[in-house]
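# Analysis of the macromolecular model
Next come the chains, spelled out residue by residue.
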Amino acid sequence: MFGYITIFKDELKIKDYNMYKSYYCGLCHSLGENFGMSGRMTLSYDMTFLAIVLSALYEDNPEAVKRRCIPHPVKTHEARSNQYTDYAAAMNVMLTYYKLKDDWEDEGSLKKNALSGLLKRAFKKANKQYPRQARAIEEYIKSQHEIEKNNEKSIDIAATPTGKMLGELFVFREDEWQQPMRRFGFYLGKFIYMMDAFDDIEKDIKKNNYNPLVAEYDKEGFEKSFRDDLTLIASQSARAFESLPILENSDILRNILYVGIWCRFNQICDKRNKQD
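Residue numbers run consecutively from 1 along every chain, following the written order of its sequence. Predicted model: local features are reported for residues with pLDDT of at least 70 only, side-chain atom pairs are reported and counted for 80 or more only, and whole-chain, interface and lining totals are derived from all residues. Hydrogen atoms and water are omitted, and side-chain values are computed over all heavy atoms in the structure.

When helices and strands are counted, the protein chain shows 11 helices and 2 strands. Secondary structure elements are taken from DSSP: a helix is a run of H or I of four residues or more, a strand is a run of E of two residues or more, and numbering for both begins at the N terminus. Along the protein chain, from the amino end to the carboxyl end, the secondary structure elements read α-α-β-β-α-α-α-α-α-α-α-α-α. At 19 Å, the protein chain has a C-alpha radius of gyration in line with the 19 Å of a compact globule built from 276 residues. Each principal axis of the C-alpha atoms in the protein chain carries an extent, and together these give about 55 × 40 × 40 Å. By residue count, 51% of the 276 residues in the protein chain fall in the buried class. When contacts within the protein chain are restricted to residue pairs at least 6 apart in sequence, long-range pairs at least 24 apart make up 72% of them. Using a 1.4 Å probe, accessible areas were evaluated by the Shrake-Rupley method; residue-level cover was limited to the displayed protein chains. Working note: accessible area of the protein chain is about 14200 Å², and carbon and sulfur atoms make up 50% of it. Note on method: radius of gyration uses C-alpha positions; expected globular size equals 2.2 Å times residues raised to 0.38. Accessibility here uses a 1.4 Å probe with only protein chains present; expressed as a share of the type maximum, an area under 20% marks a residue as buried, one over 50% as exposed, and anything in between as partly exposed. Any two residues having at least one pair of non-hydrogen atoms within 4.5 Å are treated as being in contact.

Listed below in structure tokens is the structure:
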């Protein structure tokens, strides 16, 4: 749903890239099997990351199964599914549903409202399975609306609801790993919010939408200062990750955390610098 938590393919070994793809396909199949075709349309790289993290943390690396699907009806491909891809699928559905409803309320988009209608049954099923996580998303949306209503200028404060929400979603079960996983998700969520704000500055200025970075955008040294803030948040997320006893697929996860999450930032900066 966010689109920033992805791999940097050029620095991945072929075997690791194939492993990553098999989890991505596994998540797609979990969405289809648990929530139907409407669930499949919510597929994202972000929740693929969560499925790999949880599978590694709880040492459940499923065997790959050869499958066919609608996008690939002829050639079989490897897919890995387990209870963690099922969990990630449910989180994907809830996040997408709430985002579509929020967009409908903010923008009056008939398309977003129609898409949320298609997801309603899947959402109700996911909501019933994971009420704690559903409440976390609801609280996030309420808090975000308050921040926008108050025209909060601090990016750190504005990013906090997203951090709290993703921190709660990263906690699969409330056990000995819940605190480091909550910290991990919290800082990664803040990073995502900050990246999204940075990505949307020009669009938000044009449409007069809320964005806590708008006031700083034209100031000298803005990009460097923002990069420093973003680096600090990313390092906190990485520190929480490194505190976890994760060995399986750690090269894939580190590729995402140390390189992949910066891909979009670098693309935005390159584009803006060329325009100057």
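Here the narrative resumes, following the displayed structure.
It is worth spelling out the side chain of T85 at this point. Within the secondary structure layout, T85 lies in helix α3 (residues 83–107). Since its relative accessible area comes to 0%, T85 is described here as buried. In protein, a polar contact requires one atom able to donate a hydrogen and another able to accept it; more generally it is a pair of N or O atoms within 3.5 Å, and residues adjacent in sequence count only if both atoms are side-chain atoms. Among the polar contacts made by the side chain of T85, one reaches the main-chain carbonyl oxygen of N82 at a distance of 2.9 Å.

Aromatic contacts are taken between Phe, Tyr and Trp rings whose centres are within 6.5 Å, Trp giving its six-membered ring; a plane angle under 30 degrees counts as stacked, one over 60 as edge-to-face, and the others as tilted. Considering all chains together, one arrives at 23 aromatic pairs under this definition. With centroids separated by 6.4 Å and ring planes inclined at 40 degrees, the aromatic side chains of F49 and F170 adopt a geometry described as tilted. With F49 in helix α2 (residues 45–57) and F170 in helix α6 (residues 155–170), this pair connects stretches of sequence that are 121 residues apart. You'll find F49 and F170 in the same group, each marked buried. Arranged with centres 5.6 Å apart and planes meeting at 15 degrees, the rings of Y58 and Y84 form a pair that is stacked.

Between helix α5 (residues 131–149) and α6, whose axes approach to 9 Å, the crossing angle comes to 175 degrees. On the basis of the axis angle, α5 is roughly antiparallel to α6. In contact with R132, Q133, A136, I137, Y140, S143, Q144 and I147 of α5, α6 contributes I157, A158, P161, T162, M165, E168 and L169. Interaxial angles span 0 to 180 degrees and are taken between N-to-C directions of axes, which are lines fitted to C-alpha atoms, for helices over the stretch in contact. In what follows, roughly perpendicular refers to angles from 65 to 115 degrees, roughly parallel to angles under 35, roughly antiparallel to angles over 145, and oblique to any angle outside these ranges.

Another point: a positive patch on the surface. Together, K9, K21, K66 and K75 line one region of the surface with positive charge. Examined against the element boundaries, K21 turns out to sit in helix α1 (residues 14–40). Only residues above 30% relative accessible area that lack a salt bridge enter a patch, with like-charged residues linked at up to 9 Å and the nonpolar side chains Val, Leu, Ile, Met, Phe, Trp and Tyr linked at up to 5 Å. In what follows, salt bridge is the name for a side-chain nitrogen of Lys or Arg lying within 4 Å of a carboxyl oxygen of Asp or Glu. The sign given to each residue is positive for Lys and Arg and negative for Asp and Glu; His and the chain ends receive no count. Charge coordinates come from a single atom per side chain, which is NZ of Lys, CZ of Arg, CG of Asp or CD of Glu.

So, about the nonpolar core. Nonpolar side chains in soluble globular proteins tend to end up buried together. In this structure, F49, I137, M181, F184 and F198 are the most contacted members of the largest nonpolar core, which totals 84 residues. Take this core: its biggest share by element is 12 residues, from α3. Excluding anything up to four places from it in sequence, F49 contacts I5, F170, F184, L188, L253, I256 and L257. Take the buried Ala, Val, Leu, Ile, Met, Phe, Trp, Tyr and Cys residues and link them wherever side-chain atoms come within 4.5 Å; each set so joined is a nonpolar core.

In this section: unusual backbone geometry. Its identity as a non-glycine residue notwithstanding, N208 has a phi of 60 degrees, on the positive side. Among the structural elements, N208 can be located in the loop between α8 (201–207) and α9 (222–242). The backbone of N249 shows a phi angle near 60 degrees, a positive value even though the residue is not glycine. Along the chain, N249 falls in the loop between α9 and α10 (250–258).

Between the first and last residue of a helix there are one fewer steps than residues, each counted as 1.5 Å, and that sum is the expected span. Over its 27 residues, α1 extends only 26 Å from the first C-alpha to the last, a length that falls short of the 39 Å expected when each residue adds 1.5 Å. Its axis deflected by about 115 degrees at N34, α1 carries its strongest bend there. Bend is the name given here to the angle between axes fitted to two runs of seven residues, the run ending at a residue and the run starting at it.

On the secondary structure map, N82 appears in the loop between β2 (77–79) and α3. Since its relative accessible area comes to 10%, N82 is described here as buried. Distance in space between the C-alpha atoms of N82 and N18 is 17 Å, their sequence separation being 64 residues. For N82, the contacting residues outside a window of four places in its chain are S30, S55, D60 and P62.

Its 16 residues place the ends of α6 22 Å apart at the C-alpha level, agreeing with the 22 Å of an ideal helix rising 1.5 Å per residue. At P161, α6 shows its largest kink, close to 30 degrees.

Its location among the elements puts F226 in helix α9. Residue class for F226 comes out buried when judged on its relative accessible area of 3%. It is 9.7 Å that separates the C-alpha atoms of F226 and M195, two residues lying 31 residues apart in sequence. Not counting residues up to four positions away in its chain, the partners in contact with F226 are M194, F198, L213 and F265.

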